[in-house]
Structures are given as C-alpha cells and as structure tokens.
Amino acid sequence: MSSTELGLPALPAKPYPPEVEARLAADARELISRYPQSRSALLPLLHLVQAEDGCVTPTGIRFCAEQLDLTTAEVTAVATFYTMYRRRPAGEYHVGVCTNTLCAVLGGDQIFDELSEHLGIANNRTTEDGSVSIERIECNAACDYAPVVMVNWEFFDNQTPQSAKQLVDQLRAGQEVHPTRGAKLCSFKETSRILAGFADGRPGAVDESGAGGAPSLAGLRLAKGEALPGTPGAKVVSPRHEGTEA
Amino acid sequence: MTSAEPAEKLLSPVLSASWDDHRPWTLETYRRHGGYDGLRAALAMAPDDVIALVKDAGLRGRGGAGFPTGMKWQFIPQNDGKPHYLVVNADESEPGTCKDIPLLFANPHSLIEGMVIASYAIRCEHAFVYLRGEVVPVLRRLQAAVAEAYEAGYLGKDIQGSGTNLDITVHAGAGAYICGEETALLDSLEGRRGQPRLRPPFPAIAGLYACPTVVNNVESIASVPPILARGKDWFKSLGTEKSPGFTLYSLSGHVTNPGQYEAPLGITLRQLLEITGGVRAGHRLKFWTPGGSSTPMFTEEHLDVPLDYEGVGAAGSMLGTKALQVFDETTCVVRAVTRWTEFYAHESCGKCTPCREGTYWLVQLLKRIEAGQGHSGDLEKLLDIADNINGKSFCALGDGAASPIVSSLQHFRAEYEQHIDEHRCPFDPAASTVWAGRASVHESATEREVHA
C-alpha cells in the first residue's frame, strides 16, 4: 500500500535547486526590505513563487517559510485563504470571466458557458496543452464595461461570447493580443512577478491603452458639453477642441 | 426627456478633470493640472491645521461608511513615541463598485499627493497602498507613479525641503473581498489570512503592527489635494450641508451610457439617467443599488432620492460606494440576489458562525427557489436566516449579505412566490444580455463598446 492510501502526511517538500533558490532569495530580500516587519512580505513572496511555478507548490511554501522564519503550516494557512494563489498550475494565459450578478446578467454567464464548451474544460481547469485556464471570477471593478473578461489580470472590456472565443483562439495560436485596458499580454508567470512587486520592465508597458475607455470618460465629456451616444436630446454646449471655457 | 438642469451644471469633474488629457497618469500632465499644489499648501501649514482644514471641509469617507476623514486623522495620538501608519484601501471589490480602479488607472498621482498630505498631517513616515491583485494595469501605473514621485522629490527624505520624510509601499493583494474590511486588510498586510479584528481597539490606536493607523479609501485620499489647493469654502459650496463636496458616481448595467459621472453629492438617479440617455432603449427600470450589492436595493419609487449620505440613509439604504447598478424589467430579481448571495458565501472569511453558516444556507435556499423547486415557507426561512446574520456577524460582510435578500423580498416578494408557485423561473436570461435583440452576437459592437 502506498503512503497516500494509508493517509500518511506528505513528506517534507524538496527545496528549489540551488541556483533557483539563490535567485529567488535575492528577490525575497528586496521584497522583505520594503516592510517594517518581514512577515508583511508573505503575500508578495507567494506571488513570487507562483511566478516561478505557475502555482503555489509545496516547494514554494517551504521557500516562503524559510525566508520569513515561519512554519510551512503558517504559510499554507495564508496561501489557501486567497483565491489568486493557485493549487494547480494556471495556463500560460489565465482567463477569468466575471459572473458576479451584473456581468452575469449582462451576458457573463453565457460567455463563460460558451467558452468552457469551446475549450472543453470546466471552471478552474487548464487545457491539455497548458495554454489556457478558465475561472469564474467575482466582481473585478469594471462594471461600467460589462461583461468583462480578464486575461492574466488585464482588462478585456465589453465582451461577447464570440469575441471571447476569438480571444482564446488567438491566445492558443500564439498571436499577439492587446487588452482594452492594460499592456500587451505577458505570460501568467510574468504577470505574477509584477504582482510580487517587481515593475514591468517592458518599454512602453505603462503607457499602453490610454487613460480608459468611453465609460471612464463619459462624465467628463458630458460636463464639457459633448453629447453621449444614443442621447439625441443631449445638449452640446462646448464641443471639445473649440477652446471654450466650460 | 428634458432635464431641468443641463448636464454641465449637474456634473463637477474634479478628480476626473484631467482624464482626457495626454497621458494623464504622468507627473508632467498632473502638474499641468495643478498637481502637487495642494501639497505645497499643506507643507506651509502646521500638521494639526491640515487635519482641522480637512475636518472643517466636511470630507467624508468615500469607501462606503462615510466616516468624516478629518476626524479619523484626529484620532491618531500624537507624541506617543510610536510609528504612525497610513494605509490606503484600494481593495475595491464591492459588487458594482468601479470608481477607484479607473481613477488610479487614469491618474495615480492624485492618490500619491493625497497620501503625502495625509501622512504629513498624522506624522507618518511609511504609508501603504493595499491594491487588490486582480488589476495589473493599475498596479503597473501605480508602481510607475510612485517611482516618478520619488524622483521628483515628492517622496523620500526631506520632501520639497520641508524636513518631512515619507516612503510608500505598493502592496498587491491576492483575491479576497474581505480585505476591503479595514481590520481584515491590516491582518492581510501583516502577512496573515485576511480576517477582521475585534474592535476596540480601533486602528487609530492599534492598527498596523499594533501602531496608530489611519485606513482611508482611495477616493477619500484623492479628494484631499483639491481641498488644500482650493480651500474648504469651495469644497463646501458643492454638495449638501451634511454631505459636502464632489464624488464619483459609477453608473452600470442596463443603461444607455454606463460610466463614471463626477457630481456634487446629492444628485438623484433620475437626474443622472436624464442627462446620460436613460435606461437602455425600449426598457424600463426595475431595481438598482445606490452603493453596491451590500446596500439595500431601490426601485423606481426611489429615483428622486438625493444620493448623499443622509438622503439614501433616510430612504432605508446606504450611499455606500455610489455604485449605481441598474437592472431593467428583463432581469430576474431572484437570479440577481442568488448570485450576490453566492458571492458573500464565497467571500465569507469563516471567522464567525452566523456569516459562515448563514450565507451557505441562504445559497441552498435561493438556488432551490430559482430552479423552481422552492417550498412554501422558504421565504420566511430566508428572512429568518438573514435576520440571524444581520447585526450578529463579526463584521459588515454579514450585514451586506442580508441586505439584498431583505430588500428584494420587501419590493419583489410576488416574484419569489411566482418562482415557487409556478415551479420555474419566469424570465429568459437571454433577454437581459447586452446583445439581446441584435440579429446575432456576431453583429458589430454598439457605441457602448467603442473605446476611446
């Protein structure tokens, strides 16, 4: 009988290979230095090990515990509390479909169902080739762009079932994909490194995609006298670029 | 439809004023719009005078509770020999709420300037931004803006020659709604499970690392620099007597033009709908939330409620985060409430029994009703469980979970009964989608999908 069948506790996790350990330890020192107390760096460190492995592994947990002088049980308790820390590897592109009430009603439910069928995978699973994983996500603070899809936590606003399926097809075909708000997609692991607290080093990444879409600017434009779409009665007081002091 | 007031009189862009300018997230553009003028004014004052000014201006918390910001600052004990901390709550996760994320994406410097001013006032030398993790584009710009501010001498040692120091750490969360609760946020920032703490002691006395701590919402802090730059009288000239100032109203759902509308406090949903094109064409309003899913829902009869702290409170709900989620007559209220309840069950931290167990059982009952398998007596059971959560939970998450259930049963009990009596949901979910009525979902995007 194997130990699993006997229900014996798992053996202590293996450490990272020495060269990986040394590289991550240098990153960990940098992150820990940003806080008055070292334990505050635990969430960043968990993002860091996820950037290495695509999920939080027993080895990653051991690493975090050693860096912060905690037990692996203490680290595991934290890692399992937060939904962004994955226990199974995410795909290279992790696709989240908002199915909280507003997005769901506006079409998020249909988007998720069609996407799941299109990819042949269920919630929180990854395609066999490891390219795409999908997840039903909670409200992502973009309700004025509903229905919303996130890929590696960049915004793909105003989606339809068709646009979402096209999006994952492009991702699987290795095509370059740009979010409506955010920078050109990088891999899930690279994204996790930004989340750990290391700036995205790609030139121009910060500036990509402007200040926001039409919903973000709707109020400002209206206040400046522009008419909003679908409002025939809207009064145009001082159109932009005509230099009036509204 | 004609509006009594033209749009430009009803709206007051302050925080959003620079969003249509060239690269508004940069220090250069922010400065061109008067950025960091408020800080200069603050540094010329004594810290206590800054606190008094913000208190006198009447700025109230924009994160949901509406507590006076200046008073929170005043609670910090001075000369106590302990480090003080400012923690900005950027965990925006309340369903329907979408104001802080666009604000930080378009203009992160408005938050940083506010943080420097607040830190100067409460004598804090290390401040934190706790940003929810699921918004990488915002994290990227916040990290870049902090780096820019260091380079320009707005952060670091001896800020602008004033002798004061401040470091800012941008901290990404990892997916937990409960971390928007200020004491859970502090536990999370200390590297623990995000579970709320017993109060008292309040964070002002024993917050981060058991030191005096102010926790403020992004929009609250970003509203501080304009008060310093333009004065409290200007601020009080906007809004209502007890709810002065401007704020971001986030309109979403079945409306012609969803988006961010910055207006003086006290505007009504009727006014907002009139100037923005109303509910989507061919449909009528059914129910809406004034401030996210945790605030009791409203109906058509509440269209003229002034959207300020007092007005919404007097009408039986809460201003919350001013997340105006609008649903039209195609929406099944049972489906909407079931989904929100699943959210609360998913996000319940498990610390206290009423919330952990109650939300679980609410979901079981609601799913059964939605599927047409409800029993007579289920509605009383729902209300009974909601009553056992509301006010009896450890933190406000439980109260929030009860809100949609109690309010929807108050306004739409007949619809719940219909699900039970007819053994089915009478609604077609396809009719509620954005693409309902289009020949196919392949049809080209409507104007609401056009990005600037």
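Residues numbered from 1 in each chain as written. Chains lettered and ligands numbered in written order. Predicted model: local features only at pLDDT ≥ 70, side-chain atom pairs only at ≥ 80, totals over all residues.

Caption draft 1: Geometry of the overall build of chain B. Scanning chain B for helices and strands turns up 19 helices and 8 strands. Relative to its length of 452 residues, chain B is compact, with a C-alpha radius of gyration of 22 Å against a globular reference of 22 Å. Dimensions along the principal axes, computed over C-alpha positions, put chain B at roughly 75 × 50 × 40 Å. Out of the 452 residues belonging to chain B, those deemed buried represent 61%. Relative to all contacts within chain B whose residues are 6 or more apart in sequence, the contacts with residues 24 or more apart total 72%. (Helix = DSSP H or I, 4+ residues; strand = E, 2+ residues; numbered from the N terminus. Rg over C-alpha atoms; globule rule 2.2 N^0.38 Å. Buried ≥ 20, exposed ≤ 12 C-beta atoms within 10 Å, placed from the backbone. Contact = placed C-beta atoms within 7 Å.)

Caption draft 2: How the structure looks around helix α2 (residues 18-32) of chain A. All names here are of chain A. For α2, which comprises 15 residues, the first-to-last C-alpha distance of 20 Å matches the rise-based estimate of 21 Å (1.5 Å per residue) to within 8%. Along α2, the residues classified as buried are L24, D27, A28 and L31. Seen from one end, α2 has its buried residues packed into an arc of 105 degrees, which puts them on one side. Along α2, exposed side chains directed more than 90 degrees from the buried face belong to P18, E19, A22, A26 and R29. Elements that come into contact with the buried residues of α2 comprise α3 (42-53), α4 (58-68) and α8 (188-196). (Expected span 1.5 Å × (residues − 1). Arc of directions from axis to C-beta.)

Caption draft 3: Structural view of the domain arrangement of chain B. All names here are of chain B. Partitioning chain B into domains gives domain 1 (7-235), domain 2 (238-328) and domain 3 (333-426). Placing a centre on the C-alpha atoms of domain 2 and another on those of domain 3 gives a separation of 24 Å. Residue-level contacts link 8 residues of domain 2 with 10 residues of domain 3. (Domains from an automatic or database assignment.)

Caption draft 4: Here's a closer look at the packing of α4 of chain A against helix α5 (residues 72-79) of chain A. Residues and elements named next belong to chain A. Packing of α4 against α5 leaves a shortest axis separation of 8 Å and a crossing angle of 115 degrees. Where α4 crosses over α5, the handedness of that crossing is right-handed. Note on element contacts: α5 touches α4 through T72, E74, V75, T76 and A79, opposite I61, R62, C64 and A65. (Axes fitted to C-alpha atoms, helices over the stretch in contact; angles between N-to-C directions. Left-handed = near helix turned anticlockwise from the far one by under 90°.)

Caption draft 5: Representation of the packing of helix α6 (residues 101-119) of chain A against helix α7 (residues 161-172) of chain A. Residue and element names in this part refer to chain A. At their nearest, the axes of α6 and α7 sit 9 Å apart, and the two run at 35 degrees to each other. As for the relative orientation of α6 and α7, their crossing is right-handed in sense. Listed contacts from α7 to Q110, I111, E114, L115, H118 and L119 of α6 are P161, A164, K165 and V168. Partitioned by chemical class, the residues of the contact of α6 with α7 number 6 nonpolar, 2 polar and 2 charged. (Nonpolar A, V, L, I, M, F, W, Y, C, P; charged D, E, K, R; others polar.)

Caption draft 6: Highlighting the sheet that holds strand β2 (residues 126-131) of chain B. All names here are of chain B. Spatial ordering of the open sheet is given by β3-β2-β1-β4, a layout of 4 strands whose pairing is parallel. Pairing within the sheet leaves two strands with one partner each, and these edge strands are β3 (167-172) and β4 (213-217). The average angle at which neighbouring strand axes cross in this sheet is 20 degrees, direction not considered. Direction of pairing for strand β1 (residues 85-90) relative to β4: parallel, over a ladder of 5 bridges. Within the sheet, the bridge partner assigned to Y85 lies in β4 and is T213. Against the sheet, helix α9 (residues 182-189) contacts β1, β2, β3 and β4, and its axis sits at roughly 110 degrees relative to β1. (Pairing = 2+ DSSP bridges.)

Caption draft 7: Representation of the pairing of strand β8 (residues 323-328) of chain B within the structure. All names here are of chain B. Of all 6 residues in β8, 6 are buried; the element is thus mostly enclosed. With burial as the criterion, each face of β8 is covered, one bearing A323, Q325 and F327 and the other bearing L324, V326 and D328. Inspection of the sheet shows strand β5 (residues 246-253) paired to β8 by 4 bridges, in the parallel sense. Bridge pairing links L251 to L324 in β8. Two elements, strand β7 (residues 285-289) and β8, share 4 bridges in a ladder whose sense is antiparallel. Each bridged residue has a counterpart across the sheet, and for L285 the counterpart in β8 is D328.

Caption draft 8: Quick peek at the nonpolar core. Of all hydrophobic cores here, the largest spans 210 residues; its most connected members are V87 and V88 of chain B. Among all residues touching V88 of chain B, those that are not within four sequence positions of it are L111, M115, F128, V129, Y130, N216, V218 and I221 of chain B. (Core = buried A, V, L, I, M, F, W, Y, C linked by C-beta atoms within 7 Å.)

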